[in-house]
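Architecture and fold: a report
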Amino acid sequence: MKMTVAVDGPAAAGKGTLSKALAAHFGFAHLDTGLLYRAVGAGVLAGGDPIKVAQTLEPAALDNPALRTQAVAEAASQIAVIAEVRQALVDFQRDFAARDGGAVLDGRDIGTVICPDATVKLFVTASAETRAERRYLELVNAGQTADRAAILQEVRARDDRDANRATAPLRPADDAVTLDTSDLTADQARARAIAIISERM
Ligand code: C5P
């Protein structure tokens, strides 16, 4: 049986850190699907048409630290509402999930749309304030300037857009296990997730 772990949740809930740790622990490959939307967002900021950029996206485009800025995150969240953009990115994600040796995919709609038959589905969440504070510290630690209040506002705006879009809105799959990381350290979240996955392997 192919092992696929779906990790969904809102921005800055700790999905990325957790997914990397889980992939390392179980020896699975990891795909941060937000990078696909960010790469399309970056292409649009550079003047491209979102649907064309999505349809011609090369995997090499995902390996780019410039995708980590707030401006690209914002552009990604805006193009992520376009059904044709989402459709163009489905096959790449499903092929990745089906690879031998297991895979962890993190995003917004992995358990609901991309991999409805995933072996384990985690919905990782945290309060908007906790997530904004984490994003703030991430940016400051990366040497970028950041404004706490503006980040909280952006986190809320992205949550709202992700949860209310018509195509693949952010919501936990019916069979997802919710992990609220508001009061957990990264190590505690990792230990909980490993226990949940191990029970289902
Ligand atoms: O997770 P990350 O912050 O990198 O995602 C950037 C944006 O891409 C999100 O705000 C969301 O709108 C979109 N996204 C999505 N579906 C995914 C992953 C990301 O709509 N599976």
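Remember, predicted model here, so these are calculated numbers, not experimental data.

Look at alanine 12: it is not a glycine, yet its phi comes out positive at around 60 degrees. Inspection of the secondary structure puts alanine 12 in the loop between strand S1 (4–8) and helix H1 (15–26). A residue is classified by how much of its surface remains accessible, and alanine 12, at 12% relative accessible area, is buried. Positive phi outside glycine occurs at alanine 168, with the angle close to 50 degrees. Along the chain, alanine 168 turns up in the loop between helix H9 (148–164) and strand S5 (177–180).

Let us now look at the sheet that holds strand S2 (residues 29–32). Read from one edge to the other, the open sheet built from five strands follows the order S2-S3-S1-S4-S5, with strand pairing classed as parallel. Each edge of the open sheet is held by one strand with a lone partner, namely S2 and S5. Pairs of neighbouring strands in the sheet enclose a mean axial angle of 20 degrees, with direction left out of account. Pairing geometry for S1 and strand S4 (residues 120–125), over four bridges, is parallel. Bridging across to S4, valine 7 finds its partner in leucine 122. Where helix H6 (residues 90–97) meets the sheet, it contacts S1, S2 and strand S3 (103–107), and its direction lies at approximately 145 degrees from that of S3.

On to the nonpolar core, then. With 27 residues, the main nonpolar core has Tyr37, Val40, Leu89 and Leu105 as its most contacted residues. Elements that contribute at least two residues to this core include exactly S2, helix H2 (34–45), helix H3 (50–55), helix H4 (70–79), H6, S3 and helix H7 (110–114). The element best represented in this core is H2, accounting for five residues.

Using the criterion set out here, one finds one aromatic pair in the structure. Summarising the aromatic geometry, the rings of phenylalanine 26 and phenylalanine 28 are spaced 5.6 Å apart at their centres and angled 20 degrees between planes, so their arrangement reads as stacked. Across this residue pair, the class does not change: phenylalanine 26 and phenylalanine 28 are buried. Its end group placed over the ring of phenylalanine 96, arginine 99 keeps NZ or CZ at 4.0 Å from the ring centre.

Here we take up H1. Compared with the 16 Å implied by 1.5 Å per residue over twelve residues, the 16 Å span of H1 between its first and last C-alpha is a close match. Where H1 is concerned, the buried positions are Lys15, Leu18, Ser19, Ala21, Leu22, Ala23 and Phe26. In the core, the buried residues of H1 are packed alongside S1, S2, S3, S4, S5 and helix H10 (186–200). Glycine 27, located one to two residues past H1, shows a positive phi value of around 75 degrees.

Turning to the UniProt feature "domain: Cytidylate kinase" (unreviewed entry) in the chain, a few remarks are in order. Summarizing the sequence annotation, UniProt attributes the feature "domain: Cytidylate kinase" (unreviewed entry) to residues 5–45 and 65–197 in the numbering used throughout. Secondary structure within residues 65–197 divides into 54% helix and 11% strand; the distance between the first and last C-alpha atoms comes to 30 Å.

The next point concerns the pattern of salt bridges. Counted according to the given criterion, the structure contains twelve salt bridges. Arginine 135 serves as the salt-bridge partner of glutamate 138, at 3.3 Å between the closest nitrogen and oxygen. Here the residue glutamate 138 and the residue arginine 135 both occupy positions in helix H8 (residues 128–141), the gap between them amounting to three residues, near one helical turn. Accessibility expressed as a relative area gives 47% for glutamate 138, which makes it partly exposed. Overlapping salt bridges bring together Arg108, Asp162 and Arg165 as one network.

Taken together, the neighbourhood of the ligand is formed by 14 residues, with Arg38, Arg86, Arg158, Asp162 and Arg165 sitting nearest. Interatomic distance of 2.5 Å between a side-chain N/O atom of arginine 38 and an oxygen atom of the ligand. Coverage of the ligand by the protein chains reaches 97% of its 450 Å² of free accessible surface. At the level of elements, H2, H4 and H9 are the ones that each hand at least two residues to the shell around the ligand. The element that contributes the greatest number of residues to the shell around the ligand is H2, accounting for three residues. Grouping the amino acids of the shell around the ligand by side-chain chemistry returns three nonpolar, four polar and seven charged.

Parameters and conventions
Residues numbered from 1 in each chain as written. Predicted model: local features only at pLDDT ≥ 70, side-chain atom pairs only at ≥ 80, totals over all residues. Heavy atoms only, no water. Helix = DSSP H or I, 4+ residues; strand = E, 2+ residues; numbered from the N terminus. Buried < 20%, exposed > 50% of the residue type's maximum accessible area, 1.4 Å probe, protein only. Pairing = 2+ DSSP bridges. Axes fitted to C-alpha atoms, helices over the stretch in contact; angles between N-to-C directions. Contact = heavy atoms within 4.5 Å. Core = buried A, V, L, I, M, F, W, Y, C linked by side-chain atoms within 4.5 Å. Phe/Tyr/Trp six-rings, centres within 6.5 Å; stacked < 30°, edge-to-face > 60°. Lys NZ or Arg CZ within 6 Å of the ring centre and 35° of its normal. Expected span 1.5 Å × (residues − 1). UniProt positions renumbered as here; feature names shortened; annotations may be inferred. Salt bridge = Lys/Arg side-chain N within 4 Å of Asp/Glu carboxyl O. Near = heavy atom within 4 Å. Polar contact = N/O pair within 3.5 Å; in protein donor to acceptor, adjacent residues only side chain to side chain. Areas by Shrake-Rupley, 256 points an atom, 1.4 Å probe, with all protein chains shown as cover. Nonpolar A, V, L, I, M, F, W, Y, C, P; charged D, E, K, R; others polar.

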